[in-house]
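Notes for the structure review
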Amino acid sequence: MEAMFPERNLKEGARVTRLAPSPTGFLHFGNLFTGTVAYKTAKVSDGVFYVRVEDTDQKRKVEGAIEVMLEGLRAFDVIADEGVVGEGTEKGDYGPYYQSKRKEIYHVFAKKLVLDGLAYPCFCSAEALDEIRAQQENEPQKGYWGKYAACRNLTIDEIEKNISEGKPWTLRLKSPGDAEKKCFFDDMIKGKIEMPENVQDVVLLKSDGIPTYHFAHAVDDHLMRTTHVVRGDEWMSSCPIHLQLFRCLGFRVPKYAHVAPIMKEENGGKRKLSKRKDPEAAVTFYVEKGYPKESVNEYIMTLMNSNFEDWRKTNKDADINSFPFNLKKMSVSGALFDMVKLNDVSKNIISLMPAKKVYDYTVQWAKDYDSELYNLLTRDEEYSVNILNIDRETPKPRKDIACFSEVKDYISYFFPEIYEKNYEMPENITSDMAKEILEAYLKEFNPADDKQQWFDRIKALCEPLGYTPNVKEYKKNPEAYKGHVGDVSTVIRIAVTGRRNTPDLYAIMSLLGESTVKERLSDAIKSL
Ligand code: GLU
């Protein structure tokens, strides 16, 4: 076995990490997070990241689950160098990477432990185990250990007899641990850890010959030459078992990095991000909403390393992959998920994309999730790109879009099919005031204007109608005017777009074109 799966020939310091999901058919944001941590750990060291599927629990098997999982990872650029790379497709020299295909391999090591006197078959029935539990009521150390481990000292004859009678058995570790002693390890995230040694004769193989997580973890991570086991911190408490198992098997212990779960704030307290309660716990949520991978990855990095945001401030245009990710800078207690923050990060990222990229991403998203938007956008690509280009690629681009599902509403007034009229005016503007402004403007509107002329024309409307073109002047003496130039342009903006807040109105009107603008102004005048 050692010769079949030799040490990897990697450069000094290269780390081998893995993601080892069980195929449940659901990819939790926490899996993507832990997967990203493992992936980055490998990548920053020029190492290897692989995916191993932990499918020993056949009862929990879900059709298509692996593809769901890989697709979720792929969507956010967590792509394995090796291992399970597609449903049923494996790549690499350290496989099989499906635990269900590794039974013989586990048995080799199980036999070795038996030969070394470190494992034994246990014939205890469920009732016998219940009985042991009952006896341990006042015992601080529960479980199958020491004097309670009834099968620990069976003779070979007894064992043979039980087996020949066809009694089912499990294989247990003959734990060499001492409860009085401590085991130590240095977790890459949690720091120095000290726990009592394991004394439990844990099950290594179940009665069907399938390994438990503990045993498979030791055998797989050893043979696949994992250097850093990055996994959820729910496994921390099992570490004494794992350290002992590695030693019993004669394997070098890997480094551990136990990742705390992603938390959410609730009623002033904190709780784990929950599949049941939080839609954003599913990785599909981000795909369905159309968050670009750049945004999700950027946000995950802010959760992963608290110094990332400072780095970003001084490396604005740098590729995220050049950030020196460090396991030691991860949160020990669990990073807090914050939707508002994700949206801010994403708005910023999308604001910096060229219009064509936003267009391509949105079209790609709409193809799967919104056929109406897809049809509108692709009807005239140039028009759509121009819409998305308003107030973009400028020193201060607008940060309006957090995800592509927001684009439809954002651009709706450019398309008659989805434009919704709305003539609700600000409180200080009555319908009559608005009508008066629009009537005057309709007469003046000239599609040939450049931006300055366009604005000058709006300003020129002000005084005859009782408004001032000068906002400062208005603030000094508000009683003297009906309003200022901002109010006048707001009325025009609402009439043309149905909104109070939009990107550059001049650009919008230029794109809409003369006839649409005039039509909208007239419609508004009629409806007000
Ligand atoms: N299958 C285990 C889980 O999904 C893997 C833990 C590990 O990474 O070792 O929790």
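Everything here concerns the structure above.
Everything quoted here is computed from the prediction, not taken from an experiment. (Residues numbered from 1 in each chain as written. Predicted model: local features only at pLDDT ≥ 70, side-chain atom pairs only at ≥ 80, totals over all residues. Heavy atoms only, no water.)

1. Details of the overall build of the protein chain
Across its full length, the protein chain holds 21 helices and 15 strands. Taken against the 2.2 N^0.38 rule, which gives 24 Å for 528 residues, the C-alpha radius of gyration of the protein chain at 33 Å runs more than 25% over that of a compact globule. Structurally, the protein chain occupies a C-alpha span of about 110 × 45 × 45 Å along its principal axes. Residue burial in the protein chain is summarised as follows: out of 528 residues, 51% are buried. Looking at the protein chain alone, contacts between residues at least 24 apart form 71% of all its contacts between residues at least 6 apart. Element-wise, carbon and sulfur atoms account for 49% of the exposed surface of the protein chain, whose accessible area totals about 26100 Å². (Helix = DSSP H or I, 4+ residues; strand = E, 2+ residues; numbered from the N terminus. Rg over C-alpha atoms; globule rule 2.2 N^0.38 Å. Buried < 20%, exposed > 50% of the residue type's maximum accessible area, 1.4 Å probe, protein only. Contact = heavy atoms within 4.5 Å. Areas by Shrake-Rupley, 256 points an atom, 1.4 Å probe, with all protein chains shown as cover.)

2. Remarks on the pairing of strand 11 (residues 255-259)
Among the 5 residues in strand 11, 4 count as buried, and that is most of the element. Pairing geometry for strand 10 (residues 228-232) and strand 11, over 5 bridges, is parallel. The partner of valine 230 across the bridge, within strand 11, is alanine 257. After leaving strand 10, the chain enters helix 7 (residues 239-249) and then returns to the sheet as strand 11, a path that is right-handed. (Pairing = 2+ DSSP bridges. Right-handed = clockwise from strand over helix to strand, strands pointing away.)

3. A closer look at the sheet that holds strand 1 (residues 16-19)
Spatial ordering of the open sheet is given by 1-2-3-4, a layout of 4 strands whose pairing is mixed. Here the strands that pair on one side only, and so sit at the sheet edges, are strand 1 and strand 4 (89-91). When the angles between neighbouring strand axes are averaged without regard to direction, this sheet yields 35°. Direction of pairing for strand 3 (residues 82-86) relative to strand 4: antiparallel, over a ladder of 3 bridges. Residue glycine 86 lies in a different strand from strand 4, and its bridge partner there is threonine 89. Strand contacts of helix 1 (residues 29-43): strand 1 and strand 2 (48-51), with the helix running at about 165° to strand 1, the strand carrying the most contacts. (Axes fitted to C-alpha atoms, helices over the stretch in contact; angles between N-to-C directions.)

4. Some words on the site of the ligand
Near the ligand the following residues occur: Arg18, Ala20, Ser22, Glu54, Tyr213, Arg231 and Trp235. The contact in question runs from a nitrogen atom of the ligand to an N or O atom on the side chain of serine 22, over 3.2 Å. One nitrogen or oxygen atom from the side chain of tryptophan 235 is found 3.3 Å from an oxygen atom belonging to the ligand. About the coverage of the ligand: the protein hides 82% of its 300 Å² of free accessible area. Here the residues of the shell around the ligand are counted per class, giving 3 nonpolar, 1 polar and 3 charged. (Near = heavy atom within 4 Å. Polar contact = N/O pair within 3.5 Å; in protein donor to acceptor, adjacent residues only side chain to side chain. Nonpolar A, V, L, I, M, F, W, Y, C, P; charged D, E, K, R; others polar.)

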